[in-house]
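Structure at a glance
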Number of protein chains: 2
Amino acid sequence: MNAHMSPEEFRRHGRQVVDWIADYMAGIESHPVRSRVGPGEIRDALPAEPPEHGEPFEAVLADLNTILLPGLTHWQHPSFFGYYPSNASGPAILGDLLSSGLGVQGMLWITSPACTELETVVVDWLASLLGLPAHFRTDARGGGVIQDSASSACLVALLAALHRASGGRVARTGIADRYTIYVSSQTHSSLEKAARVAGLGAQGIRVVDVDDRTLAMDPVRLRELIAADRAAGAVPAMVCATVGTTSTAAVDPVPAIGEVCREHGVWLHVDAAYAGVAAVCPEFRRLNDGVAEYADTYSTNPHKWLLTNFDCTVLWTADRAPLLDALSILPEYLRNPASSSGSVVDYRDWQIPLGRRFRALKLWSVIRWYGAEGLRAHIRKGVSLAQDLAARIAADPAFEVHEPHPLGLVCFRPRWPGLSPAAADAATLRLMETLNAGGSLYLTHTTISGRVVLRMAVGSPATEHRHVEQAWDDIRREHQALPIQRVTDQTDQTD
Amino acid sequence: MNAHMSPEEFRRHGRQVVDWIADYMAGIESHPVRSRVGPGEIRDALPAEPPEHGEPFEAVLADLNTILLPGLTHWQHPSFFGYYPSNASGPAILGDLLSSGLGVQGMLWITSPACTELETVVVDWLASLLGLPAHFRTDARGGGVIQDSASSACLVALLAALHRASGGRVARTGIADRYTIYVSSQTHSSLEKAARVAGLGAQGIRVVDVDDRTLAMDPVRLRELIAADRAAGAVPAMVCATVGTTSTAAVDPVPAIGEVCREHGVWLHVDAAYAGVAAVCPEFRRLNDGVAEYADTYSTNPHKWLLTNFDCTVLWTADRAPLLDALSILPEYLRNPASSSGSVVDYRDWQIPLGRRFRALKLWSVIRWYGAEGLRAHIRKGVSLAQDLAARIAADPAFEVHEPHPLGLVCFRPRWPGLSPAAADAATLRLMETLNAGGSLYLTHTTISGRVVLRMAVGSPATEHRHVEQAWDDIRREHQALPIQRVTDQTDQTD
């Protein structure tokens, strides 16, 4: 039987794991980007029952190599261009390791004061780096907090918005009025999920039209919808504007939307999950337009493009009172003089879960390792590589590029001359599947105006010019090799 | 400017961090258990603005030592007896390090199949270790999933319960009926929070009476409340029974509560956050009584007492259909053939957030390192130390012990002869504050029948007999030294 792992055993096995990760980093290009396993293969390779006796730690590493690695899609591979980046980095991994090693709970200030106070400092740092307004800071009426994900940040924002819209009644009576929230067809699905979780249901969600070209929310239509809902007796509770949508990185017109929100006293949440962190660069600071003047809450994800391992979403609020009122419950076993004094922050009241990891350590470690200049260099490199790629695609008459593409995401599709729209869409998906199955790159798709397009999101720290160039070569080669006639015959079987 | 940390730099700094943690483990008793800093001290010691230029990693470690360490309350200290344990362990830390190093996203099966399939395997393993029913497995109609916390697990359970109680209507109409949930005065506050989040409000929460002595929910009273609510037009949606309450580790009578739920078709969630993992030992398997027959959902926290760093709550359901129906939303950019085929699990539909870490690695690493026998030994040691402590306290006429205390938690208080109840409670709190300020141990309090009691939760892997013995010596010494007259004069100032 293994006893608890002693400090000396931890030192030895810890080095093995550090070496394993360093080797994985150094050799990541030897793996196909997307896993080639089929459903159930990994599960079937693992024992159905747990071991009765403890095993040496080396057994875990051996099974990691032989069983698990083939089942991984490698998000840190320099040719991973799917979804959005989910940056890891050395300083983030080590900051998170310190958090695991310390094993402290930061639910209340008193349960580990440094866990709370470092978090306040680093979210203030990040606000400063992004040029966010001073009233988002804890020493003003607002404050920032690390959430696990943009989904949770949006839910917390909605709960605060419902609290304000109801004058605090929802905490007592629940959803007793017809509250409505406003999104666009491009808004992340987590807003619909949040509305369902919060008890509004699908009928509480209004989908505002977008501009056909830019895919940005139409503030005129928003104003009409809110006025009509109000006239019909509904209570408009929140508008979610997006800075960098999940599908195409579209940017909603926050100032015009904010003006509508102000007219009607509606909470404005700005979801800048992907694009927000680009504001570390002065040339992208315009992504914040309207945030200082109008946003009640604002969130962005350092765990996407800012080198900080998942999970790390930062949510700021201009006024923490409705957020805390919506989420605070104080049982006897959590009472303590520091909290009662009101002189400390208890982050459990800023989130859904009670418990919390020391997540600030990884963001602190990242900001200190890179400094502001290093963070700017990382964003600029991703944008530059994406712009090079977009120029190449646009120069090829067989392809078309979706405009605009100011950041790290490029959406494009083959023109497929002579094919019907349905057949062309099937061919595009077939091209994607062929590329992904090949293992040399990974990309994903979306639809724009009903047509399938491919998405290449550039922004992994490992991605260099040669990876993007190779990807574009692979795409053109497979595009030319694709047996189009067969594709058109198989339209119905393609998903 | 620092570039990205290279694999070789990561190897070097990784070893520094591993050594730091090993040294921290080995020397943890040199720190006061509870931090002695005041509000703002840590914050004031840190720069108000982020660095422009990158810094060497050693600067992070230096500030960790000089600035942050004094601000930590050390949850892994062997004399930490507050709240409930939040076990860390070597294999868990290293499993989590592997998760950070791989940096994969497990939101969908396709985004890293091994991340999903290992999770299914290890939650099945844990079900097997705890003797949970076969229908909680994914290969039956149920399934398990790792959540961040019991709070989130309870919220997910409630959303599934509301879905079933409404026949799916809540997804469309939101909370349009008067849904009610049933808890006791001893139920964790996260249930009240979940009810508020889900749009039921405080008036949707029914607090069922508890037995004065055992503090267990009264199933007779539960039946009356449900019948009365139903007669009044409300829709009883969920009962939460607790196995090991946060305050005193009380155990609700799940079989009798389950019978009431079955009669009325009400969802039964069993919250076994703290105590559930004790069922790894056959002698505590009775904690599962009624779970197989009646529970719709069941959750327990390996991150409390089962050696797996926060965050790791496992939630099982007997029928995954209402849970998935309540939480599934599929935007175009997440569509993929594997998900469409229905042959894979997509865990994003089992939780609130979209993104997810590879958390299964740490639980897998723990189960393999310890084996079933090692996990049993750990639970038994905590129980044994707690029972020794309870016997010592019970043998001292100056103290009284709250009965029963079958697991690792002992609740007790000084008798304070001659003091009024209010003065005695103030004295008990004063004793706790004196002890915690001393730094040699940390304990917390609760109230039982309106009276303040102290809680000593034993179960940290580092805790040995001598730490419990020393704690009891400290408690008796400070109790004898406490200037009682001054305390009674200051009753109003004590919180």
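Predicted, not measured: the structure shown is a model, and the values here were computed from it. (Residues numbered from 1 in each chain as written. Chains lettered and ligands numbered in written order. Predicted model: local features only at pLDDT ≥ 70, side-chain atom pairs only at ≥ 80, totals over all residues. Heavy atoms only, no water.)

1. Some points on the interface of chain B and chain A
Between chain B and chain A, the contact holds 162 residues from the first and 162 residues from the second. Between chain B and chain A lies a buried interface of about 14,500 Å² when both sides are counted; carbon and sulfur atoms form 62% of it. Three residues stand out in chain B for area buried against chain A, namely Tyr333, Arg368 and Trp369 of chain B, and they jointly supply 6% of the buried area on that side. For the interface between chain B and chain A, the tally reads 18 salt bridges. The salt bridge partner of Asp96 of chain A is Arg357 of chain B, with a shortest N-O separation of 3.0 Å. A per-element tally of the side of chain B that touches chain A places helix H1 (residues 7–26) of chain B first, with 17 residues. (Contact = heavy atoms within 4.5 Å. Buried area = accessible area lost by both parts, 1.4 Å probe. Salt bridge = Lys/Arg side-chain N within 4 Å of Asp/Glu carboxyl O. Helix = DSSP H or I, 4+ residues; strand = E, 2+ residues; numbered from the N terminus.)

2. Digging into helix H16 (residues 421–438) of chain B
Residues and elements named next belong to chain B. With 18 residues, H16 should cover 26 Å at 1.5 Å per step; its first-to-last C-alpha distance of 26 Å lies within 8% of that length. Three or more residues of H16 are buried, namely Ala423, Ala424, Asp425, Ala426, Ala427, Thr428, Leu429, Leu431, Met432, Leu435 and Asn436. Gly439 lies just past H16 and shows a positive phi near 90°. (Expected span 1.5 Å × (residues − 1). Buried < 20%, exposed > 50% of the residue type's maximum accessible area, 1.4 Å probe, protein only.)

3. Some remarks on the pairing of strand S5 (residues 267–271) of chain A
Residues and elements named next belong to chain A. Within S5, 5 of the 5 residues are buried, which leaves it mostly tucked inside the rest of the structure. The two faces of S5 match: Trp267, His269 and Asp271 on one face and Leu268 and Val270 on the other face are all buried. For the crossover from strand S4 (residues 235–242) across helix H10 (residues 254–264) to S5, the handedness is right-handed. Pairing analysis gives 3 bridges linking S5 to strand S6 (residues 297–300), with the strands arranged parallel. Considered in S6, the bridge of Val270 is made with Tyr298. (Right-handed = clockwise from strand over helix to strand, strands pointing away. Pairing = 2+ DSSP bridges.)

4. Looking at the pattern of salt bridges
Applying the stated rule across the entire model yields 70 salt bridges over all chains. In this structure, Asp19 of chain A and Arg15 of chain B form a salt bridge, with 2.9 Å as the shortest nitrogen-oxygen distance. Placement of Asp19 of chain A in helix H1 (residues 7–26) and of Arg15 of chain B in helix H1 is noted, with the two residues assigned to different chains. On the basis of relative accessibility, which here comes to 28%, the residue Arg15 of chain B falls in the partly exposed class. When salt bridges with common partners are traced through the structure, they connect Asp96, Asp311, Arg357, Arg359 and Lys362 of chain A together with Asp96, Asp311, Arg357, Arg359 and Lys362 of chain B into a single cluster.

5. Some words on the packing of helix H15 (residues 360–394) of chain A against helix H17 (residues 465–481) of chain A
Residues and elements named next belong to chain A. Two elements in contact, H15 and H17, have axes separated by 10 Å at closest approach and are oriented at 25°. Between H15 and H17, the crossing angle belongs to the class labelled roughly parallel. Both H15 and H17 take part in a crossing whose hand is right-handed. The residues of H17 that touch H15, namely those facing Leu385, Asp388, Leu389, Arg392 and Ile393, are His465, Val468, Glu469 and Trp472. Its residues assigned to classes, the contact of H15 with H17 comprises 5 nonpolar, 1 polar and 3 charged. (Axes fitted to C-alpha atoms, helices over the stretch in contact; angles between N-to-C directions. Parallel < 35°, antiparallel > 145°, perpendicular 65-115°, else oblique. Left-handed = near helix turned anticlockwise from the far one by under 90°. Nonpolar A, V, L, I, M, F, W, Y, C, P; charged D, E, K, R; others polar.)

6. Comments concerning the relation of the copies chain B and chain A
After a rotation of 180° and a shift along the axis of 0.0 Å, chain B superposes on chain A with an RMSD of 0.0 Å. This pairing of chains is accounted for by a two-fold axis. (Least-squares fit on C-alpha atoms with pLDDT ≥ 70 in both.)

7. Quick notes on the sheet that holds strand S9 (residues 409–414) of chain B
Strand pairing in a sheet relies on backbone hydrogen bonds, with the paired strands running either antiparallel or parallel. All names here are of chain B. Spatially, 4 strands are ordered S8-S9-S11-S10 in an open sheet, and the strand pairing comes out antiparallel. Across the chains shown, the open sheet's two edge strands, defined by having one partner strand only, are strand S8 (399–401) and strand S10 (444–448). Here the average twist between neighbouring strands, direction ignored, is 40°. When S8 meets S9, the two strands line up antiparallel, connected through 3 bridges. When the sheet's bridge partners are listed, Glu400 is paired in S9 with Arg413. Along the sheet, H16 makes contact with S9, S10 and strand S11 (451–457), crossing S11 at roughly 25°. Strands in contact with helix H17 (residues 465–481) are S8, S9 and S11; relative to S8, the strand with the most contacts, it is inclined by about 135°.

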